[in-house]
Amino acid sequence: MHARRAGAALAAIWMLGLAWAWGAETEIRYLSGQGKDDDVSWDFFCTAGRKSGEWTRIRVPACWELEGFGTYNYGHDPQKATEQGRYRLSFDVPAAWRSRKVAIVFEGAMTDTEVQVNGTLAGPVHQGGFVRFERDITRLLRYGGRNLLEVTVSKMSADDSVNFAERCADYWIFGGIYRPVYLKVTPRESIARVAIDARADGAFRMDVHLDGVETADRVEARIETLDGSAVGSPMRASLRPGQAVAQLATRVPSPRPWSAESPDLYHVAVTLTAAGVERHRVRERFGFRTVEVRAHDGVYLNGRKIRLQGVNRHSFWPDSGRTTSPALSRSDALLMKDMNMNAVRMSHYPPDAHFLDVCDELGLYVLDELPGWQAPPYGTAVGRTIVREMVTRDVNHPSILFWDNGDEGGWNPELDREFEAHDPQERTVLRPGAEAGGLLCEHYPDFSALRKGLSGDEIYLPTEFLHGLYDGGLGAGLNDFWNLMVKSPLSAGGFLWAFTDEAVKRTDRDGVLDAAGNYAPDGILGPRREKEGSFFTVKEIWAPIQVAAPRLDESFDGRLEVENRYQFTNAERCAFRFKLVRFKGPWDAEAGHDVLHEADVAAPSIAPGEKGTLVVSLPAQWRVSDALYLTVLGPDRRELNTWTWMIRKPGEVLARLVAPGAERAQGRDAGDTIVLSAQGIEVSISKALGTLASVRAGGRTISLGGGPVIVGKNVVGWLREVTRGPDGDAYAVRARFGGNLEHLTWRMEPTGWLRLDYQFWLPDRDGHADHDYFGITFDYPEAQVTGVRWLGRGPYRVWKNRMKGTAFDVWQKAYNRTETGLSWDYPEFKGYHGNLYWAVIQNREKDFVVATGTEDLFLRLFTPRFENAGSASAVFPPGDISFLHGIAPIGMK
């Protein structure tokens, strides 16, 4: 009796120890750093190129080119480097792991990867550089001692189809273990993974994939909110020895569905037990949502039609190549949200898993893409493995709406059904650049092709459009394209190309940033996320709350027309605030404005897709202000946009600047010129041309001259006569012309202001204006200019096809020679600037002020360079500083 009791007690103690050892969640132990900012080094040997032929150290994860090894290649390079990287790492394994299963996991290694532990291969060479893979190393380890990991990474694959799919594409190609490496420790009987299908109506089913089940007899699960509160009824299923998959199902009443506007998430906790004793448990995050492609109709989420406002993104950072970090993923996603994007396409390859985590959390719809681009696709055998590794890693992310089977011809139709085999949601598989799954994913339609595509009977979703080479495309043209898309019931939106300029730091060229000529400067953002002008254009056009420009005259009663372009959110969940401002003047020491009045505005109740009215309670003296600002914040209190509208017209502002003078202006004949003077300002007007010949102020020469030259297509003029004489307190020179130019008048005011009035007409072709630009231009030496401060729209330049995204204010910027996409000192100095009121041209001679009473006038400052831009460039008039009534658009690739 006593012996039996003692034995029972010993057995109970042993079972408690077993439950403690086996019941823990999966343990992860990193052998590398977790991203680009970590500093974990391994032994390394590079077989060719820079720093090759000797054992040294390298950071892991990293692309070895960025660490000074091997050879840089862009995907279009006809000759590709073929070096290998050999890695070694010694690591300890606890003796307590002897009863567990240990796998080594590689999140990403380019490209063919051979793994050995303690001198023994851990499995076949893995092929495919953009997917996670793991190897079971349980039987290869020395428990309680040191272990040796040896990894050989071949930059080029032994499988030609892998090279075509992954290394011949339009991006930089790298070598190395560029994503983290870790040990995954689980019980011998374990839950390998789960695959979830959770619908917006609360229907939930899950495939629980099991590993090594022998004594385990039950799998159980419960759904929880993120704070751990149970939701719905528990699920359970009995198991038999050797069972590989168990299926669980339930229905949750009234779940909060996931969408980009309300990214509500849940956990499911899954437990594997044997006779009531826990063996293993996992927790997986997911969202309830239903995606439908309704033929010849649209894409629906949770029963509502949605439109994707997206961008194409690669995993990239200039200093680390393809190696990123969780912090960078979050920062990139927030930048997309700041542009009012709701979608992102993982163009050319699947991203880091942490980027998809952030898309789930912040709310971004995702197209997750299998590698493959304009070349033979993966072979079927290797492709099946890569699809399985991609889908099983990503299947539970609610952000993923569709799978992409390659890009622009790089698809293998035999792989389409492989996605479905691993995805219980049976997401639609797309082919970017073509039609598949009921969606036409055309690339780079021009406006006529877009109109044709939207007038067909297929759902239209261009997965690449408005290619952003240099400063062209992206925001340029988007307003016209988007207005057409919004009106079409068959439009599912589209994806801009691309998110960033992918200029890589060349460690072989003293750290210069190399965008591979004109292959990689395609982004809305620079390589370190510098914002181009298109950033703000996209932000305004894609703002889900749109506010129509009011007419701010005596009749304005504070009522603004508002359109709600959200798909799920009532405008009443947003916040509105207005400001009345007065701008600094040209002689103030600083730019900007003073706020005269500001207040919140009651949010109107406007349903998604509807229009309504916002009522701003203006103070009685609101018209003494210069401008009205209105800021709209989304439900997450991030800014959707700030609209700025001028209250004062240019003539009113000009009258405030040009005060009456106490003396008379003077004029005299000086041979070939007529000299006008007042208040220490002296200008000479050419008798022969009627143009400005010289300017002196305070005894110093200002090299402004050579104008006004009238510019525009087919503009001609010839001087007919010049007259001069007193004009009240002023002194004027009038020149009459023939041709398109009718007359101009120079007028020196007693205050020292030189006034120019002109009148010309432009010929039409067939009754329609046909001009690249028109207005007047002057010469001024660019080398003298140091900066500009101005009142108008800014701080970014504009194009005829990119007028949105700027704001009225007094702006200041220093001179720069930025070539958009090749250097990144933004905003660019040179170019067209919208809605000029006045400007101070800052220079090494003497600053001078220009002002206008004419509405909608553009200030042109010099001519930007467009090296190798081709059609992604714009035309400019002759001269240096221009005042234009019409400007040119910028093209796109």
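About the criteria used
- Residues numbered from 1 in each chain as written.
- Predicted model: local features only at pLDDT ≥ 70, side-chain atom pairs only at ≥ 80, totals over all residues.
- Heavy atoms only, no water.
- Helix = DSSP H or I, 4+ residues; strand = E, 2+ residues; numbered from the N terminus.
- Buried < 20%, exposed > 50% of the residue type's maximum accessible area, 1.4 Å probe, protein only.
- Areas by Shrake-Rupley, 256 points an atom, 1.4 Å probe, with all protein chains shown as cover.
- Lys, Arg positive; Asp, Glu negative; His and termini not counted.
- Charge placed at Lys NZ, Arg CZ, Asp CG, Glu CD.
- pLDDT = per-residue confidence, 0-100.
- Contact = heavy atoms within 4.5 Å.
- Pairing = 2+ DSSP bridges.
- Axes fitted to C-alpha atoms, helices over the stretch in contact; angles between N-to-C directions.
- Parallel < 35°, antiparallel > 145°, perpendicular 65-115°, else oblique.
- Left-handed = near helix turned anticlockwise from the far one by under 90°.
- Nonpolar A, V, L, I, M, F, W, Y, C, P; charged D, E, K, R; others polar.
- Phe/Tyr/Trp six-rings, centres within 6.5 Å; stacked < 30°, edge-to-face > 60°.
- Lys NZ or Arg CZ within 6 Å of the ring centre and 35° of its normal.
- Core = buried A, V, L, I, M, F, W, Y, C linked by side-chain atoms within 4.5 Å.
- Arc of directions from axis to C-beta.
- Salt bridge = Lys/Arg side-chain N within 4 Å of Asp/Glu carboxyl O.

When you go through the protein residue by residue, the secondary structure sums to ten helices and 62 strands. Each principal axis of the C-alpha atoms in the protein carries an extent, and together these give about 130 × 65 × 55 Å. Buried residues in the protein amount to 57% of all 893 residues. In the structure as shown, the protein presents an accessible area of about 35,000 Å², 48% of it carried by carbon and sulfur atoms. Once the 105 positive and 117 negative side-chain charges of the protein are each reduced to a mean point, those two points are 3 Å apart.

With 96% of its residues at a pLDDT of at least 70, the protein reaches an overall mean of 94. Throughout residues 1-23 the model reports pLDDT below 50, and contacts reaching past four residues in sequence, or to other chains, amount to 13 contacts.

Checked against the element boundaries, Pro 124 lands in the loop between β9 (120-121) and β10 (133-136). Relative accessible area serves as the criterion here: at 59%, Pro 124 is assigned to the exposed category. In sequence terms Pro 124 and Arg 135 are eleven residues apart; their C-alpha atoms lie 9.0 Å from each other. Every residue in contact with Pro 124, bar those within four places of it in the chain, is listed here: Thr 113 and Arg 135.

Now for unusual backbone geometry. A cis amide bond links Val 60 with the next residue in sequence, Pro 61, at an omega value of 5°. Of note, the phi angle at Asp 510 is positive, near 60°, even though the residue is not glycine. Mapped onto the elements, Asp 510 comes out in the loop between β34 (504-506) and β35 (512-514). On the basis of relative accessibility, which here comes to 84%, the residue Asp 510 falls in the exposed class.

Further remarks concern the sheet that holds strand β23 (residues 298-301). Strand order in the open sheet formed by three strands is β22-β23-β24, and the pairing between neighbours is antiparallel. In this open sheet, the two strands that pair with only one neighbour each are β22 (291-294) and β24 (304-305).

Right, let's talk about the packing of helix α3 (residues 326-338) against helix α4 (residues 353-362) for a bit. The geometry of α3 relative to α4 is characterised by a closest axis approach of 9 Å and an angle of 40° between their N-to-C directions. The pairing of α3 with α4 is recorded here as oblique in orientation. The handedness of the crossing between α3 and α4 comes out as right-handed. Side by side, α3 and α4 meet where Pro 326, Ser 329, Arg 330, Asp 332, Ala 333, Leu 334, Met 336 and Lys 337 of the first sit next to His 354, Phe 355, Val 358, Glu 361 and Leu 362 of the second. Among the residues making up the contact of α3 with α4, the classes are represented as seven nonpolar, two polar and four charged.

Since the α-helix turns once every 3.6 residues, residues separated by three or four places project in the same direction. Of all nine residues making up helix α9 (residues 533-541), eight are buried, and the element is well covered by its neighbours. Looking only at α9, the buried set comprises Gly 533, Ser 534, Phe 535, Thr 537, Val 538, Lys 539, Glu 540 and Ile 541. Contacts from the buried residues of α9 go to α3, α8 (478-487), β33 (493-496), β36 (545-547) and β42 (639-646).

As a further point, take the packing of aromatic side chains. Applying the stated rule across the entire model yields 34 aromatic pairs. With centroids separated by 5.2 Å and ring planes inclined at 55°, the aromatic side chains of Phe 204 and Phe 286 adopt a geometry described as tilted. On the criterion of sequence distance, the pair formed by Phe 204 in strand β16 (residues 203-211) and Phe 286 in strand β21 (residues 277-286) is long-range, its members being 82 residues apart. We note that Phe 204, like Phe 286, is buried. Between Trp 799 and Phe 876 the ring centres are 5.9 Å apart and the planes differ by 80°, which places this aromatic pair in the edge-to-face class. One end of the pair, Trp 799, is in the loop between β56 (785-794) and β57 (807-814); the other, Phe 876, is in the loop between β61 (858-861) and β62 (881-886), and 77 residues separate them in sequence. We note that Trp 799, like Phe 876, is buried. An aromatic cluster is built from Trp 42, Phe 44, Trp 64, Phe 69 and Tyr 87, whose rings are joined through pairwise contacts. Over the aromatic face of Phe 69 sits the side chain of Lys 51, whose NZ or CZ is 4.3 Å from the ring centroid. Sitting above the plane of the Tyr 72 ring, Arg 506 keeps its charged end 4.4 Å from the centroid.

Within the largest apolar cluster, 50 residues are counted, with the highest numbers of intra-cluster contacts made by Met 341, Val 344, Leu 478 and Leu 496. In this structure, Leu 496 is in contact with Gly 310, Val 311, Asn 312, Met 341, Phe 465, Leu 466, Leu 474, Leu 478, Ile 524, Val 538 and Trp 542, ignoring residues within four places of it in sequence.

Here helix α7 (residues 447-454) crosses α8 at 10°, and the two axes come no closer than 10 Å. Here α7 is positioned roughly parallel relative to α8, judged by the angle of their axes. From α7, Phe 447, Leu 450, Arg 451 and Leu 454 reach across to α8, where they touch Asp 480, Phe 481, Leu 484 and Met 485.

Here the focus is the sheet that holds β57. With respect to topology, four strands assemble into an open sheet ordered β57-β56-β59-β60, the strand pairing being antiparallel. Looking along the sheet, the strands with just one partner apiece sit at the ends: β57 and β60 (848-851). Each neighbouring strand pair of the sheet contributes to a mean axis angle of 15°, computed without reference to strand direction. Note: β56 against strand β59 (residues 838-843), six bridges, orientation antiparallel. In the sheet register, Arg 789 faces β59, and the bridge partner there is Val 840.

Now for helix α10 (residues 650-657). Looking only at α10, the buried set comprises Pro 650, Val 653 and Leu 657. The buried residues of α10 occupy an angular sector of 70° when the element is viewed end-on, so they sit on one face. In the core, the buried residues of α10 are packed alongside β56, β59 and β60.

Applying the stated rule across the entire model yields 71 salt bridges. Across the pair Glu 361 and Arg 330 runs a salt bridge, and its minimum N-O distance is 2.4 Å. Of this pair, Glu 361 sits in helix α4 while Arg 330 sits in helix α3, and the two are 31 residues apart along the sequence. Taking the relative accessible area as the measure of exposure, Glu 361 reaches 29% and is therefore partly exposed. Residue Arg 330 is classed as partly exposed on the basis of its relative accessible area of 34%. Here Lys 584 makes a salt bridge to Glu 590, at a shortest N to O gap of 3.3 Å.

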